[in-house]
Amino acid sequence: MAAVFCFRNVIFGGACKFKSANFLLFRNLEQKQVRGCASYVGKQRSEYDYDLVVIGGGSGGLAAAKEAAANLGAKVAVLDYVTPTPIGTKWGLGGTCVNVGCIPKKLMHQAALLGEAIHDAKSYGWQVGDNVSHSWENLKDAVQAHIKSVNWVTRVELRDKKVEYINGLGTFKDQHTISVTTNKGDRLLTAKYVLIAVGGRPRYPDIPGAVEYGITSDDIFSLNRPPGKTVIVGAGYIGLECAGFLNGLGYDATVMIRSIPLRGFDQQMANIVVAEMQDKGIKFLHRCLPKSVEKLDSGRLKVTWTDSDKNEFNDEFDTVMFAIGRRALTKELHLENAGVEVAGDGEKIDAVDEQSNVPNIYAVGDVLYKKPELTPVAIHAGRLLARRLFGDSAVTMNYENVATTVFTPLEYGAVGISEETAVQRYGEDNVEIYHAYYKPTEFFIPQKNISHCYLKVVAKRDGDQKVLGMHYIGPQAGEVIQGFSAAIKCNLTVKDLMNTVGIHPTIAEEFTRINVTKRSGKDPNPASCCS
Ligand code: FAD
Ligand code: NA7
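Below, the structure is looked at part by part. (Residues numbered from 1 in each chain as written. Chains lettered and ligands numbered in written order. Predicted model: local features only at pLDDT ≥ 70, side-chain atom pairs only at ≥ 80, totals over all residues. Heavy atoms only, no water.)

Here we look at the overall build of the chain
Consideration 1: From N to C terminus, the chain includes 15 helices and 22 strands.
Consideration 2: Scaling as 2.2 N^0.38, a compact globule of 531 residues should have a C-alpha radius of gyration of about 24 Å, and the chain matches this with 25 Å.
Consideration 3: Oriented by its inertia axes, the alpha-carbon framework of the chain measures out at about 70 × 65 × 50 Å.
Consideration 4: Looking at the 531 residues of the chain, the share that counts as buried comes to 51%.
Consideration 5: Approximately 24400 Å² of the chain is accessible, and the part contributed by carbon and sulfur atoms is 52%.
Consideration 6: In the chain, 60 positive and 59 negative side-chain charges are present, and the distance between their average locations comes to 5 Å. (Helix = DSSP H or I, 4+ residues; strand = E, 2+ residues; numbered from the N terminus. Rg over C-alpha atoms; globule rule 2.2 N^0.38 Å. Buried < 20%, exposed > 50% of the residue type's maximum accessible area, 1.4 Å probe, protein only. Areas by Shrake-Rupley, 256 points an atom, 1.4 Å probe, with all protein chains shown as cover. Lys, Arg positive; Asp, Glu negative; His and termini not counted. Charge placed at Lys NZ, Arg CZ, Asp CG, Glu CD.)

This is the structure in structure tokens:
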């Protein structure tokens, strides 16, 4: 015990001058020392300007910074800088989620759902006129006003929590020195620890006209004109969600799919999501690739694409949006100056417990290799890291069984693994799939389409049947799945589910009523609402 105490003091007392290449040894040493102290408050400051410099003021970076400074007493600076998009869109502090991600997306999704609700309301007796219309400008202004208020609150919170915010672009000079470019000039900061939390930005395809005339999710939520007829290239969740709300707001929306929709998600569920979107009027161009985007004299955009047989097609659109994945912003960091290695993809950081190959340099969030690109993941990992660096914690981030929801018109929520992954991992004979179609009570009166209201439980076949994955398509998918994700963390079994008394009449209760396995070949359609 005495030896441990002494060791901690040596490290926190500023003797940490290792800059050698003996990373593994150092990594082990640092891991031991960061687990040693109850709080960083009162420890002697190191020879660096800051205990922690965070590059990137988004979900992960801000969470780590606030935890380290306000709760653990570390001296922290956060750098945040947004490079404008090719059409000049830029935004404030807070990163992707707040400005051009989860939040504006959810608000626009909600706007689209309300349009549907106005329609449904008539059948519930509301006297709604026939000339209901929607203003893109009003929606865009409301969304942007909300974002600005969050930007402001974030700045105030950083000040209150004693985190120094620097609106500047950070690059590495060496493993402890960050160069910051601000509009007032350059400055150098030294830090004991550096956290890379730079996130990513949307990619553009390498085709003529893509960058000149196309937009991405970075632009759509603040677009100064109604999007009009829109083609969205890419069928990941961003592409499908944007197509969903545009269609719901009354715009003609087409999705161009290169291979499969929602790669990485359960494919049966992904295809149901697409089928529902198709029923709602969204068009899909399957197995197609864009070839060029040209601006016509009319101002419209002519998009040329090819299908898998190399047949060429074209059509005119008002907006071309690319949602073909995101690039981690590591190239700009000059990682080579600090010796930080990137993973095989050439961009992301393959960290062990968020620690890079350089012992004092860490990474959280979207910049991490093969980790879920989700806000709560970045936040949780950032907080836990701060507690390990400056507190008395040894708790590491568990990236397994993270729940998520795709906010398409009929939402898709999932936690755990897909049916195909379960079969691949455990073999078909060792996996049991329970499934059910269901009828949401609220769908009856407006006679909404129930054919895609479906859920599935992926379980081990033996014993009490440990639940490996839960998948749900229907309203409020995030709300339904969130609680079950906690249950899965507690080793939920099918037996537990069947012994759970439901809340009636809800849709979530359908998970407590599952009893039909795919293997049985029995009809998964419900007999009645209350059977
Ligand atoms: P970010 O939030 O991207 O923050 C990084 C910050 O660092 C940015 O502000 C960036 O400008 C800045 N930066 C970059 N380089 C530098 C530098 N060199 N110097 C200074 N600053 C720099 N997740 C969900 O959980 N739920 C959702 O519903 C959801 N919807 C999404 C919808 C869209 C359209 C998008 C694009 C993303 C969505 N996400 C969603 C993902 C979520 O936004 C990200 O996972 C999350 O923001 C990642 O946080 P981060 O801290 O890694 O990076
Ligand atoms: P994703 O989830 O990586 O999906 C990208 C989609 O774009 C996917 O359908 C790809 O098809 C397709 N794609 C990729 N490259 C191209 C090109 N060059 N041309 C046409 N289509 C292409 O990215 P998102 O933008 O939806 O989201 C990225 C992350 O940000 C996501 O994980 C969120 O958590 C936040 P493929 O399946 O590869 O054939």
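Having seen the model, we can carry on.
A few points about the site of ligand 1
Consideration 1: The local shell around ligand 1 holds 37 residues, among which D80, Y81, T96, K105 and D366 are the closest.
Consideration 2: Note that a nitrogen atom of ligand 1 is positioned 2.9 Å from one of the backbone N or O atoms of G170.
Consideration 3: Y237 is positioned with one of its side-chain polar atoms (N or O) 3.3 Å from a nitrogen atom of ligand 1.
Consideration 4: Relative to its unbound accessible area of 1000 Å², ligand 1 is 95% covered by the protein chains.
Consideration 5: Among the elements of the structure, α3 (59-71), α4 (95-100), α5 (102-123), β4 (169-174), α9 (237-248) and α11 (375-390) are those that each provide at least two residues to the shell around ligand 1.
Consideration 6: Tallying contributions element by element places α4 first for the shell around ligand 1, with 4 residues.
Consideration 7: Classifying every residue of the shell around ligand 1 gives 18 nonpolar, 14 polar and 5 charged.
Consideration 8: Residue-level mapping places the shell around ligand 1 at the junction of two domains, with at least three residues from each of domain 1 (37-84 + 144-201 + 327-390) and domain 2 (204-324). (Near = heavy atom within 4 Å. Polar contact = N/O pair within 3.5 Å; in protein donor to acceptor, adjacent residues only side chain to side chain. Nonpolar A, V, L, I, M, F, W, Y, C, P; charged D, E, K, R; others polar. Domains from an automatic or database assignment.)

Thoughts on the site of ligand 2
Consideration 1: Around ligand 2 sit 15 residues in total, of which A235, R258, S259, R263 and E373 are the nearest.
Consideration 2: In the model, an oxygen atom of ligand 2 is placed 2.9 Å from a nitrogen or oxygen of the A235 main chain.
Consideration 3: Across the complex, the protein chains shield 78% of the 780 Å² of accessible surface that ligand 2 would expose by itself.
Consideration 4: The residue makeup of the shell around ligand 2, split by class, is 7 nonpolar, 4 polar and 4 charged.

Structural notes on the sheet that holds strand β13 (residues 301-307)
The pairing of strands in a sheet comes from backbone hydrogen bonds and takes either a parallel or an antiparallel form.
Consideration 1: Across the sheet, which stays open at both edges, the 3 strands sit in the order β12-β13-β14 with antiparallel pairing between neighbours. Of all the strands in the sheet, just β12 (288-295) and β14 (312-317) have a single pairing partner and so form its edges. This sheet shows a mean twist of 25° between the axes of neighbouring strands, independent of strand direction. (Pairing = 2+ DSSP bridges. Axes fitted to C-alpha atoms, helices over the stretch in contact; angles between N-to-C directions.)

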